[in-house]
Amino acid sequence: MPPKKRNTGTIQSKEAKSAESVSADKKESPELSFKKHRDKDAEFVTLCKSLHVTDLVCDRAWALWKTVQESMDEIADSQKRVWGACLFVSGRDADVTCFTVTQVLKAISLNVKQFVALVWKLDVNLDTISTKVNLALTRLEKKYDVSLALYQRFEKTCKTIFALASDDQERKTMRSCWTMFLLAKGRALPMEDDLVISFQLLLCTLELFIKRCPPDLLQPLYKSAISKVPPTRTSRRSQSKAKSKPLEPEVDLQLLKTLCNENECNVEEVKNVYQTSFSAFLDSLDLSKSPDFPPAKDLNQQYEEHYLKSRDIDGRLFFDGDETVLAPKIKISHGERTPKKNLPDEDVLIPPQTPIRAAMTSIQQLRGDLTSSGDQPSTNLATYFKNCTVDPMQAVLLRLETLEQAFSQRFGQAVGPHCTLGCQRFKLGVRLYYKIMEAMLKSEEKRLSVQNFSKLLNDSTFHTSLLACALEVVMATYGESSFKTGGYNHDDPLETDLCFPWILDVVDLPAFDFYKVIESFIKAEPTLSKDIVKHLETCENLIMERIAWRTDSPLFELLKQEHGGGAADQVETPASFSQPLQHNHTAADLYLSPMRPGLRVLPPESSATPGSQASAQPLTQPGGGQTPRLPKSNSLSLFYKKLYRLAYSRLQILCSYLLASHPELEPIIWTLFQHTLQHEHELMRDRHLNQLMMSAMYAICKVKSVDLRFKTIVTAYKNMPNTNQETFKHVLITEGHYDSIIVFYNQVFMQKLKTNILQYASTRPPTLSPIPQIPRSPYKFPNSPLRVPGSNNVYISPLKNTRTSPGIMTPRSKMLVSIGESFGLSNRFQKINQMVNSSELSFKRTLDLGSGPKPLKRLRFDVDGQDEGDGSKSGGDSTLIQKLAEMSSTRSRMQEQKMKEAESKKE
């Protein structure tokens, strides 16, 4: 069916506009002449001409090349490739439309990953790559990773959909489908790097093509899945019009369910994407009711226009297998594959999870865990509400209604104006919020033997924090919240809008209040995956290192009270550093902790609530007219305890990179660093913890005459995990003025701490601060496999929920034994017998060993097979009976150690 004249006219007019804009660009930017740029290398100018760059970009790129050439010790890549990277940086910095990413990749013969790595190498000085380019590069890499994952799943799915055709019709159909999806993604989704919503949009596109395919082009599963639905009923007036064009339902639910089931995707969410974003896209092309394929030529032309306008990667090249978008080759060894359980003799191997499979499995697990949780408080939770002196039920419901409107509106702005997925995300968050709240209250009831939690449950900040944390977990599960920009989102809000701390802005919650709920939230929900626990731990670190130090943070008010209001104790005395960090504060302790003089005092009618008495301590009345001593803030004390330990762990890593030959400097640097955090905390206002760390290191090296340049510190810092270049390129100098960390050191840090810094050069330096004891993470993973000591390949883990995918449940081992489940065929036991018999001698040798047990350490998953208990590696063939004996020995040692610990506590 040929395209309608109206549609053709639209395309022609767009093409005309595109041609006009191109010609306009050429008028403004005439072609480069060798004469004008004769001071530059002729090959460089030729490259510039091929990419149609402006004189401005050409000059800037050449100046950048000269800087790089002087600063880099050696340039591994060819000059032409480095020139291409310089042109990309200069074009993005000047915000001048010259060439697409694909065009520069083609010109210098690099793929995306190689190109990104090369551009990062150019950052030889603090100002070589701006934060704007840094963000563009991060976005490019993220978008490439998402596009690659989507294409790999598209290709795999198409093999199950389309039958092999001899006339290459299948390939033509697939190409049109992929091109249409790229166009839909570009037009319908402002956030093109959202993996889950993009994948759901891909399923919508496949549904459209499948139901319009000739039956002989489909595999039996999808041929039978197409609904045989009669034309939609119409009125008599419109019947004559309907005869000319058969109508079909907007979405074939039966077909969509088949697609979703085969791809482990939630059908309701995909249907929502179809009826909002995808339908609006089809309407824009006038294709929503057409029974035929969209014309391939038209799709190609329109995507070409979108691609050139976006200056991005040409997504069609994935279909062509082009070298510029080739996936990095990763070798998967036989041992890295996972066997399925309880199958006949031959093991069926599952390859490691793809990004889409991992995302779909995480979402399934989250939704499965919340199946029993309702959209309203459970009976138990409602009972807790009724036991309160003031029933918080109505306030809770009203707060949820208000925040749902705010969340859905902001989510829609980021994801797309037609998308209503925000409501679905919010409902999942509410279910998790109710579930965690009930678990917390049960724990508090057990701890305190009380049932009246009126003070806590009528605290609006507690409820908002708990809901925000639940929503953050939901968005992280869907991959919509990440740390690709380190929490910085002021340069490009559209691209990073959903990344943490976006949720705090939506619900209008200070980061310091949000931090109080994180640890209790994790402890209350043991089914959280390791990735989600790590995500929340990273949120906590971001809060401590930067976000809680914003000017409007309540943290500064608390610090002012602690230091100037006669607080009972210091925030955190250095003497306590050597003591283990006790993780015994609950959310109730932190939210009911004193905030200001006179506040947080119990009303008379609720004074019988023990759960609140401990937190709302009365003011101490000293004699002699002294200033009353304020009760210490639990939330501030715990915050500083964690802050000091985070700060020292960061410093320890940086010192190991740079000062291995000067170990005596680490405690001195730490003393200056700790002094700054305790006594000069105003330096943290609107700044980053790592900025003070690097400045302290440079200052001590200066006074100790150790040659360490700031450039060297920054280079090492970039190699640390979870760092962002914004930290050392965009530092607050004075209000509204930002510069590099070197300027910050010279104009702010050194000026403020000059006297203190010089003391370390004297014969009587300040007393060194004690080194904090770095504890293991309080966020344990009960579902993680634990390796048996002395073994390479034997792990134990609790039996997980049967809903979980086999790819997640099983450890990456050759043979799996699950106690309590059917083991399969008898030949499996024969294999075990053979293993035991063949190594009986080695087992006897093991039993004869007379050495006593070594001190037991915490067991962790160790891919190297290194035993953390004794630092050794086991040799020889492992046997099942040997491992069982070792497991029994381990259990005995654990029981002995627990008894010893219990006795020592009594003493």
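Scroll up for the structure.
Residues numbered from 1 in each chain as written. Predicted model: local features only at pLDDT ≥ 70, side-chain atom pairs only at ≥ 80, totals over all residues. Heavy atoms only, no water.

Caption draft 1: View of the pattern of salt bridges. For the coordinates displayed, the defined rule picks out 31 salt bridges. Note that Lys 40 and Asp 39 form a salt bridge whose closest N and O atoms lie 3.4 Å from each other. Overall, Lys 40 belongs to the buried group, its relative accessible area being 10%. Glu 207 is the partner of Lys 211 in a salt bridge, and the nearest nitrogen-oxygen pair spans 3.1 Å. Here Lys 211 pairs with Glu 207, and both are found in helix H9 (residues 195-211), just 4 residues apart, close to one helical turn. The residues Lys 211 and Glu 207 share a single accessibility class, namely buried. Shared partners join several salt bridges into a network, and the residues in it are Glu 269, Arg 367, Arg 425 and Glu 480. (Salt bridge = Lys/Arg side-chain N within 4 Å of Asp/Glu carboxyl O. Buried < 20%, exposed > 50% of the residue type's maximum accessible area, 1.4 Å probe, protein only. Helix = DSSP H or I, 4+ residues; strand = E, 2+ residues; numbered from the N terminus.)

Caption draft 2: Just helix H30 (residues 665-679), in detail. With 15 residues, H30 extends 21 Å between its outermost C-alpha atoms, agreeing within 8% with the 21 Å of an ideal straight helix rising 1.5 Å per residue. For H30, a buried count of 12 out of 15 residues is recorded, marking the element as mostly surrounded by other parts of the structure. Among the residues of H30, Leu 665, Glu 666, Ile 668, Ile 669, Trp 670, Thr 671, Leu 672, Phe 673, Gln 674, Thr 676, Leu 677 and Gln 678 are the ones counted as buried. (Expected span 1.5 Å × (residues − 1).)

Caption draft 3: Quick look at the environment of Ser 277. The residue Ser 277 is located in helix H13 (residues 267-285) in this model. Through-space distance from the C-alpha of Ser 277 to that of Ala 184 is 8.7 Å; in sequence the pair is 93 residues apart.

Caption draft 4: Fine view of the state of the cysteines. Scanning the entire structure with this criterion turns up 0 disulfides. Left without a disulfide partner, Cys 48 is nearest to the cysteine sulfur of Cys 58, which lies 3.8 Å away. The buried category is assigned to Cys 48, whose relative accessible area is 0%. Lacking any disulfide linkage, Cys 158 is separated from the closest cysteine sulfur, that of Cys 177, by 5.9 Å. (Disulfide = S-S within 2.5 Å.)

Caption draft 5: Seen up close, the environment of Leu 203. Structurally, the position occupied by Leu 203 is in helix H9. Along the sequence, Leu 203 and Asn 263 sit 60 residues apart, while their C-alpha atoms lie 8.9 Å from each other. Non-local contacts of Leu 203, meaning those with residues more than four positions away in its chain, are made with Leu 259, Cys 260, Asn 263, Cys 265 and Val 270. (Contact = heavy atoms within 4.5 Å.)

Caption draft 6: How the structure looks around the packing of helix H18 (residues 393-415) against helix H19 (residues 421-448). Relative orientation of the contacting elements H18 and H19 amounts to 145°, with a least axis distance of 9 Å. Two packed elements cross with a definite hand, and for H18 against H19 that hand is right-handed. On H19, the residues touching Val 396, Leu 397, Leu 400, Leu 403, Glu 404, Phe 407, Ser 408 and Phe 411 of H18 are Leu 421, Gly 422, Cys 423, Arg 425, Phe 426, Val 430, Tyr 433 and Tyr 434. Partitioning the contact of H18 with H19 into residue classes produces 12 nonpolar, 2 polar and 2 charged. (Axes fitted to C-alpha atoms, helices over the stretch in contact; angles between N-to-C directions. Left-handed = near helix turned anticlockwise from the far one by under 90°. Nonpolar A, V, L, I, M, F, W, Y, C, P; charged D, E, K, R; others polar.)

Honestly, that's just the spatial picture; any functional story needs more than this.
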